[in-house]
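# Coordinates in review
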Amino acid sequence: MPKPWRPTSCDQPYYTTWAELAALLGQPAPYWFHALRDRDAIAAWRLGAPPAMVPAHDIATPVTALTELAADEPDGSPAAELSWYLAREVRHRGHASTTRYIAELRKNAADGFTSRAK
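All values derive from a computational prediction rather than experimental measurement. (Residues numbered from 1 in each chain as written. Predicted model: local features only at pLDDT ≥ 70, side-chain atom pairs only at ≥ 80, totals over all residues. Heavy atoms only, no water.)

Attention now moves to the overall build of the protein chain. A tally of regular secondary structure across the protein chain gives four helices and zero strands. Tracing the protein chain from N to C terminus, the helices and strands come up as α-α-α-α. The proportion of buried residues among the 118 residues of the protein chain is 20%. Considering only contacts within the protein chain whose residues lie at least 6 apart along the sequence, 42% involve residues at least 24 apart. (Helix = DSSP H or I, 4+ residues; strand = E, 2+ residues; numbered from the N terminus. Buried < 20%, exposed > 50% of the residue type's maximum accessible area, 1.4 Å probe, protein only. Contact = heavy atoms within 4.5 Å.)

Time to look at helix H4 (residues 78-110). Here H4 is 33 residues long and its end C-alpha atoms lie 48 Å apart, about the 48 Å a rise of 1.5 Å per residue gives. Every buried residue belonging to H4 is among Ala 80, Ser 83, Ala 87, Val 90, Gly 94, Ser 97, Thr 98 and Asn 108, and all of these are buried. Structurally, the start of H4 carries an N-cap: the backbone nitrogen of Ala 79 is 3.2 Å from a side-chain oxygen of Ser 77. (Expected span 1.5 Å × (residues − 1). Polar contact = N/O pair within 3.5 Å; in protein donor to acceptor, adjacent residues only side chain to side chain.)

Right, let's talk about a nonpolar patch on the surface for a bit. Side chains of Leu 82, Tyr 85 and Leu 86 sit close together on the surface and give an oily, nonpolar patch of about 290 Å² of accessible area. Residue position: Leu 86 is located in helix H4. (Patch = residues over 30% accessible without salt bridge, like charges linked within 9 Å, V, L, I, M, F, W, Y side chains within 5 Å. Areas by Shrake-Rupley, 256 points an atom, 1.4 Å probe, with all protein chains shown as cover. Salt bridge = Lys/Arg side-chain N within 4 Å of Asp/Glu carboxyl O.)

Turning our eyes to something else, we now look at the environment of Tyr 85. Tracing the backbone through its elements, the reader meets Tyr 85 in helix H4. Sequence separation between Tyr 85 and Ala 70 is 15 residues; the distance between their C-alpha atoms is 9.7 Å.

What follows covers the environment of Glu 81. In this structure, Glu 81 sits in helix H4. What makes Glu 81 partly exposed here is its relative accessible area of 48%. Remark: the alpha-carbon pair of Glu 81 and Ala 70, spanning eleven residues in sequence, is separated by 7.1 Å.

Once that is clear, we can look at the packing of helix H3 (residues 64-72) against H4. Running from N to C, H3 and H4 cross one another at 150°; their axes reach a closest spacing of 8 Å. In terms of axis orientation, H3 runs roughly antiparallel to H4. As H3 runs across H4, the sense of the crossing is left-handed. Along the contact surface, H3 presents Leu 66, Thr 67, Leu 69, Ala 70 and Ala 71, while H4 presents Ala 80, Ser 83, Trp 84, Leu 86 and Ala 87. A class-by-class count of the residues in the contact of H3 with H4 yields eight nonpolar, two polar and no charged. (Axes fitted to C-alpha atoms, helices over the stretch in contact; angles between N-to-C directions. Parallel < 35°, antiparallel > 145°, perpendicular 65-115°, else oblique. Left-handed = near helix turned anticlockwise from the far one by under 90°. Nonpolar A, V, L, I, M, F, W, Y, C, P; charged D, E, K, R; others polar.)

Scored by pLDDT, the protein chain comes out at a mean of 77, with 77% of its residues at no less than 70. Within the protein chain, H3 carries the highest mean pLDDT (91), whereas helix H1 (residues 18-25) carries the lowest (81). A low-confidence stretch, residues 114-118 (pLDDT under 50), is modelled with ten contacts involving residues beyond four sequence positions or located in other chains. (pLDDT = per-residue confidence, 0-100.)

So, in structure tokens, the structure goes:
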């Protein structure tokens, strides 16, 4: 384990590893990728809790407004069709992004990835 960092000034970076954080917690450290950040799941997390299954979603582009607009439009409405298309596209991109990031996390974990805490 690396020596603890001793501050000499406030603008020095602090480096730690996931292994060090896991040792402090006594179990693997939780990590919530941005598309998997479910407020209720994060608030409910406790030491020893099993991994949570949460849907991927784009926090920058929520789909609720799109699906509500589509639901309020009459069948066959161009606005409804476009809203449904955009909602599906946002969800698809969120899923694809999350899948890529999980694969990257697994690779980094296998390679002994070091996290840099800010």
